[in-house]
Every structure is written in structure tokens, then in C-alpha cells.
Amino acid sequence: MGKPKALLLGIIDHAQESWNKLSETAELMTPNARSREEFIEECKSGRFDGVVAAYRTFASFAITGQIDKDLVPHFPESLKFICNNGAGYDQVDIPACSSRGILVSNVPKMVDDATADTNMFLILGALRAFNVSMINLRNGSWRGHPPPPLGHDPQGKVLGILGMGGIGRNLKKKAEAFDMKVIYYNRKKLSDELSGGAEYVSFDELLARSDVLSLNLPLNPHTRHTISTKEFEKMKMGVVIVNTARGAVMDEDALVKALDSGKVWSAGLDVYEEEPKIHPGLVANPHVCLLPHMGTWTVETQTKMEEWNIGNVRAALEKGKLNNVVPEQAEMV
Ligand SMILES: O=CC(=O)O
């Protein structure tokens, strides 16, 4: 029998050496396909037969599209592990994988600092409305005419964290260094040790009390449009919204309307419903700080993420298991 195969969907930028080293135990392959149709044809051709584990990146979506119930049946019978290089795995339909006995890992923890840093940058940028002045300055008009609005200090403001996972908890610590008061809502109340003493409140209370609302929950079929018109109505006038999670946890159309009405004073966004498209109402609003999904975009974090994901491919090939699986599959291991 030949070596097992590992399939690379996407590109490894920093941990190439670790990936290449896997060739001692596995045959490493990449798809020739450049579209979902071609990828399905390639699956059908049998070229991937013998692939045990796939390493996938966010960007490989451009080739495979969503790893969903239409695609999963085309995978070779041999495929048992999908290693997703990212904390968020909304591009992978977990029930579809589970029903085929495919285990999925993600990259938790390593993303927390860089994403929470980005989150903090957006909180400060949005509170201070810095984007307005950054635009004026680059347009050669110093502070602009009329001058930019006065911003708001983070000190003493209530930061509501929706989703108190690794990133939410990391953000809590960082926000407290800016003297923000942190409250949170999570499906489950955390132990005091995990929450660091942040106050646990109901979802409605979070909406009603937050001066800044930070979205740190994963995107899945249950969390789509968690924040929409009805939720904006429950918020304070002049609230600031920050999202580094996934665009679709918030209804972008409703956000634009809430910004236009003044209900939302400003927003800081790293993620969008239909990346790389951005709602024109967001682009047009200088109060909105926009980043092109850069939460983990640092050399150090990208390297750690790739190494973790390769570690999972290695564990799959050598031990027939993953070092971590997504929470939905915890019962399967
Ligand atoms: O968006 C980045 C990630 O999910 O890690």
C-alpha cells in the first residue's frame, strides 16, 4: 500500500517547511481545479482517492465553494478529516461532514490576541470617529470643513460582548485596560474564573445597556442575523457596534438603516455579509471604520495558525485522530 494522501486546499504561506516535512509520511497533493464544478469533476475522477486529511483555508472557498451537503458526497470514501485553518468554520457544513463520518478541526486560541487587538482598534476608531479625519487628512484638508465630530472616550463606557469565547474573553481583558465596564451575554454563563468577573446579563439587557456592542459569536444557522432591526430598536441611541466575527451575524441592511437614523453612532467592521462585497451604505458612511477581514493578519498569528493546522493533519495521518475537533463533534470522538 502506498502512503496516505493529504490534500492542500489553499496556500500555506508561513509554515511551508512543516507542510513539506509531512511528505515523509504522506503523499501531498493539491487540486488542479479552479472552480467548484472542476473540483467536483476532479473528485469524481478518483484523483483524490486515498486522501485521508484535507487542509483548507478560508480563501480556498474560491475553488470549492461551501463545503456543504452537495459537495461532501463527492469526497473520496477515504477522507476522514478536514482541518480548517481558522477559528470560524462557517464555510464547512458540520452536520454534512458528521453524517459522512468526517471530523473537522478549527484553529482556536491562536487567533484570540490578534483578533481582540483588531477588535480594540475598531472600538477606539469607531468611538473616536477617527475615520472621518483620516479621510479628510488624506484629501488634503487637515481636519476638514466642517471639522470632524468630537469622539467619545472608552473610559467608563459599557462594553457589551456578545459571545464570550476565546476572543470575547481576550477582548474583555484588553477593554478593561481602557477602563471600560464589561458585560456579556453567552448561551451559557461562564464560571467566574473564565469570565474574569464580567457581569452576565440577558440578551435584551446586553442590547439595552451597551454603549459599545461587540459581536464575538460564531456564525452558524442559529446565529445568522442575530442583530437586526428588532435588536437595534432595543439599543441605546448613539450606540457603537463592532464586528470582528462574521458579517452575517448582523443584518447589514438593518445596520445601514440604524446608522442613517442615528441610532447607531458609528461602527467598526472587519467582516461583511458577502465578502469581498461591502454594502454601499457602509462605504458611503465616513463614521464607519472598515477593515478587509484582517483580524488574524499578522506574521506571528498566521504562522501559529498554519502550524496548528498542519499539526492536525499530521495527527490525522499518523494517529488517525485530530488534536481538536469543533464543539459540534465533541461527542463523536
Ligand atoms: O476569520 C478568521 C478566523 O476565523 O480565524
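Predicted model only: the values in this text are computed from it and were never measured.

A closer look at the sheet that holds strand E9 (residues 212–215)
Pairing in this open sheet of seven strands is parallel, and the strands run E8-E7-E6-E9-E10-E11-E12 from one edge to the other. Across the chains shown, the open sheet's two edge strands, defined by having one partner strand only, are strand E8 (199–200) and strand E12 (288–290). Here two bridges tie strand E7 (residues 181–185) to E8, and the two strands are oriented parallel to one another. Paired with isoleucine 183 across the strands is glutamate 199, a residue of E8. Along the sheet face, helix H11 (residues 252–261) touches strand E10 (239–243), strand E11 (264–269) and E12 and points at about 140° away from the line of E11.

Details of the nonpolar core
Residues Ile227, Phe232, Ile241 and Leu255 are the most contacted members of the largest nonpolar core, which totals 30 residues. Counting only elements with at least two residues in this core, the list comes to strand E6 (158–162), helix H9 (203–209), E9, E10, H11 and E11. In this structure phenylalanine 232 touches Ile227, Ile241, Met250, Ala254, Leu255, Ala258, Lys263 and Val264, once residues within four positions along its chain are discounted.

Section: the UniProt feature "domain: D-isomer specific 2-hydroxyacid dehydrogenase NAD-binding" (unreviewed entry) in the protein
In this structure's numbering, the residues bearing the UniProt feature "domain: D-isomer specific 2-hydroxyacid dehydrogenase NAD-binding" (unreviewed entry) are residues 121–295. Helix makes up 34% of residues 121–295 and strand 17%. Its end C-alpha atoms lie 10 Å apart.

Brief notes about the UniProt feature "domain: D-isomer specific 2-hydroxyacid dehydrogenase catalytic" (unreviewed entry) in the protein
UniProt tags residues 14–326 as "domain: D-isomer specific 2-hydroxyacid dehydrogenase catalytic" (unreviewed entry). Summarising residues 14–326: 36% helix, 15% strand, and an end-to-end C-alpha distance of 24 Å.

Things to note about the pattern of salt bridges
Tallying each qualifying case throughout the model produces 16 salt bridges. Between lysine 44 and glutamate 41 there is a salt bridge, and its shortest N-O distance comes to 3.7 Å. Residue lysine 44 and its partner glutamate 41 are both found in helix H2 (residues 36–44); the two are separated by three residues, about one turn of the helix. Of the charged contacts, one joins glutamate 176 and lysine 172 as a salt bridge, the two residues approaching to 3.0 Å between their closest N and O atoms. Within this pair, glutamate 176 and its partner lysine 172 are both found in helix H7 (residues 166–177), separated by four residues, close to a single helical turn. Exposure remark for glutamate 176: the relative accessible area of 34% places this residue in the partly exposed category.

The rules behind these values
Throughout, residues of each chain are indexed from 1 in the direction in which the sequence is written. Per-residue local features are limited, in this predicted model, to residues with pLDDT of at least 70; the limit for side-chain atom pairs, both in listing and counting, is 80 or more; totals at the level of whole chains, interfaces and linings are taken over all residues. Each side-chain value is derived from all of the structure's non-hydrogen atoms; neither hydrogens nor water enter the calculation. Two strands qualify as a pair provided DSSP detects at least 2 bridges between them. Helix and strand definitions follow DSSP, with helices as H or I runs of at least four residues and strands as E runs of at least two, each counted in order from the N terminus. Every residue pair with non-hydrogen atoms within 4.5 Å of one another is taken to be in contact. In this description, a line fitted to the C-alpha atoms serves as the axis of each element, helices being fitted only across the stretch in contact, and the angle between N-to-C directions of two axes falls anywhere from 0 to 180 degrees. Only buried Ala, Val, Leu, Ile, Met, Phe, Trp, Tyr and Cys residues count toward a nonpolar core, and they belong to the same one when joined by side-chain atoms within 4.5 Å. Each residue gets one of three labels from its accessible area relative to the maximum for its type: buried under 20%, exposed over 50%, partly exposed in between, using a 1.4 Å probe on protein chains only. UniProt positions are given in the numbering used here, feature names are shortened, and annotations may be inferred rather than shown by experiment. We define a salt bridge as a side-chain nitrogen of Lys or Arg found within 4 Å of a carboxyl oxygen belonging to Asp or Glu.

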